[in-house]
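# Fold and geometry: a report
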Amino acid sequence: MSNIIELNNISKTFDNQKKISVLKNLNFKFKKGKIYSLSGPSGSGKSTLLNLLSLIDRPSSGNIKIDNKNINHNEIEINDKIRSSNIGIVYQEKNLLPDFTAIENVCIASLAANNNHKIAELESLKIIQKVGLKDRANHYPSELSGGEMQRIAISRAIVNKPRIILADEPTGSLDHDNANQIFNLLFKLKNNDRVIIFATHNRFFANKADYKISLSNGKIKTINGKI
Amino acid sequence: MFINLKDLQGLFDLKKGNNFLEVYLYKPDKIEIYRERLMSIFTDEYIFTWSDLNKPLFSALKVERNVMFIILSLIIIVAAFNIISGLTILVKNKTREIAILKSIGVSNFSIRKIFFFIGFLIGFLATIMGVVIGVTFSLYVEEIRMLISSVFNISLFPEEIYFLSTIPYQIDFWSIFLISSCSIIMTCLVSIYPATKAAKLDTIKSLKYE
Ligand SMILES: Nc1ncnc2c1ncn2[C@@H]1O[C@H](COP(=O)(O)OP(=O)(O)OP(=O)(O)O)[C@@H](O)[C@H]1O
Ligand SMILES: [Mg+2]
């Protein structure tokens, strides 16, 4: 089986004063070793879908399978565990804890996955070195540029070698050069056992993915494959 | 000097049955034990202790003690609410951070532990500080009294009213222990609510709006 995430009849509605149907009966299979881009107009449900995939939010109906195992959204503890060791998440901004240094931010993710202190520190340093920020490891987020913060956020997302990497407009607040750098970094993380899914408004980067998913009106409109 | 009771009565021309015998004890606080003993010796005499003779004073002191207890309990309750509100504000300020922790898979239980531990730390440090200040105050209470009296030119703890030239104090380790454990347990109990609230925050909303 090469499917890593399976969406079966996923719907998401928000029940406030008005019922808003954001996702409607989505069926989709994400394959290992591929990079997916999510695009679509603002409000089309990209962030909502990513929050479902990261198991932070729960669907209104339908079920999600990860590695062919059904996810039970009531087993919060198990899902937290899955998230800490198998899912790395990068948001648009303010990804980092402001009271901790860059390396500590990365370390925390490693500790959350039950690694011991020594291993966590070693791994974190290795990864920060890989994203080219070794000499900034002991700086606080407020002392880093936006691009550097995102590189640290990516470091944190990958420190546990997750098999699922989710990014919600990771370059939304960066200029083109910095965005380029971040996406190069992201694309380099591709491997045979891993899926990378990112949402972006930027068509240039969306086109670089292996598959382009376009959301509109709660449905997946088109899926374009490079291959 | 010992003298036969009969001779003494003859000497001072006292009638029988008009005698008082005063007994002074080295340990006045053990009065009840000695009273029993004296009662078994002088089976048909009346025995009054110092606490019987000063009943109004002692009941006044008792009332004062109870009122003091109530006032201090109220202070503790106010302090507990301060801890609740302080922690609740902290949780509110750290919404984004809590959401970040959740997004990296930190369990709700761990998040609860974090805020519970902060509450415990506040309680623990405050208790230690309280004990240190309290004991120091007791030890130097006389100096402090004199200082305040001379600075504000008032007479604190006047001897005429209290019959005592200095403020008495007693450092009782058992009470210190009891009060300290009570206050630490209290802060722990009070921390549970904000800690649980932190763990129950809606991650999605916090990610969006903070
Ligand atoms: N908690 C909520 N309550 C009500 N409606 C919500 C809630 N969260 C999201 N929505 C609605 O769901 C829709 C999809 O939101 P979402 O954030 O997923 O869009 P998006 O595709 O990520 O947009 P953008 O590109 O602007 O980030 C929006 O119309 C929004 O109004
Ligand atoms: Mg979005």
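Every chain is numbered on its own, with residues counted from 1 as its sequence reads. Chains carry letters from A onward and ligands carry numbers from 1 onward, assigned in written order. Residues qualify for local features only when their pLDDT is at least 70, as the model is predicted, and side-chain atom pairs are given and counted only at 80 or more; totals for whole chains, interfaces and linings, by contrast, use all residues. The side-chain figures draw on all heavy atoms in the structure; neither hydrogens nor water molecules are used.

### Points about unusual backbone geometry
Residue and element names in this part refer to chain A. Unusually for a residue other than glycine, Leu-55 sits at a positive phi of about 65°. Tracing the sequence through the fold places Leu-55 in the loop between α1 (46–53) and β4 (61–66). Think of it in three bands: with a 1.4 Å probe and only protein chains considered, a residue is buried below 20% of the maximum accessible area for its type, exposed above 50%, and partly exposed in between. On the basis of relative accessibility, which here comes to 5%, the residue Leu-55 falls in the buried class. By the criteria applied, helices consist of DSSP H or I runs no shorter than four residues and strands consist of E runs no shorter than two, each listed in order from the N terminus.

### So, the site of ligand 1
Definition of nearness: a residue and a molecule or strand are near each other if at least one heavy atom of the residue lies within 4 Å of the molecule or strand. Taken together, 15 residues surround ligand 1, and among them Ser42(A), Lys46(A), Ser47(A), Thr48(A) and Lys208(B) come closest. Chains contributing residues near ligand 1 are chains A and B. The definition of a polar contact used here is a pair of N or O atoms within 3.5 Å, where within protein one atom must be able to donate a hydrogen and the other to accept one, and adjacent residues in sequence count solely through side-chain atom pairs. Here an oxygen atom of ligand 1 sits 2.7 Å away from a polar atom, N or O, in the side chain of Lys46(A). Accessible areas in this description were obtained via Shrake-Rupley with a 1.4 Å probe; residue shielding takes into account the shown protein chains only. With the chains in place, 73% of the 630 Å² that ligand 1 exposes on its own is no longer accessible. Among the secondary structure elements, those contributing two or more residues to the shell around ligand 1 are β2 (19–31) and α1 of chain A.

### Topic: the packing of helix α4 (residues 55–93) of chain B against helix α5 (residues 95–103) of chain B
All names here are of chain B. Contact geometry for α4 and α5: axes closest at 4 Å, N-to-C directions at 65°. Of the residues in α5, those in contact with Val-91, Lys-92 and Asn-93 of α4 are Thr-95, Glu-97 and Ile-98. Each residue is assigned to one class: nonpolar for Ala, Val, Leu, Ile, Met, Phe, Trp, Tyr, Cys and Pro, charged for Asp, Glu, Lys and Arg, and polar for all the others, Gly among them. Taken together, the residues that form the contact of α4 with α5 break down as two nonpolar, two polar and two charged. Fitting a line to C-alpha atoms yields each axis, with helices limited to the stretch in contact; the angle taken between N-to-C directions then spans 0 to 180 degrees. We call two residues in contact when some of their heavy atoms are within 4.5 Å.

### Examining the domain arrangement of chain B
Once the domains are mapped, chain B shows domain 1 (5–52) and domain 2 (76–209). For domain 1 of chain B versus domain 2 of chain B, the separation of C-alpha centres amounts to 52 Å. Boundaries of every domain are those given by an automatic assignment or by a domain database.

### Quick look at the nonpolar core
Grouping buried Ala, Val, Leu, Ile, Met, Phe, Trp, Tyr and Cys residues that are joined through side-chain atoms within 4.5 Å yields what is termed a nonpolar core. In terms of nonpolar packing, the biggest core is built from 46 residues, with Ile152(A), Leu186(A) and Phe198(A) touching the most fellow members. The contact partners of Leu186(A), leaving out residues within four places of it in the chain, are Ile154(A), Ile165(A), Ala167(A), Pro170(A), Ile196(A) and Phe198(A). Tyr36(A), Ile71(A), Leu215(A) and Ile204(B) belong to the second largest nonpolar core, which has 35 residues in total.

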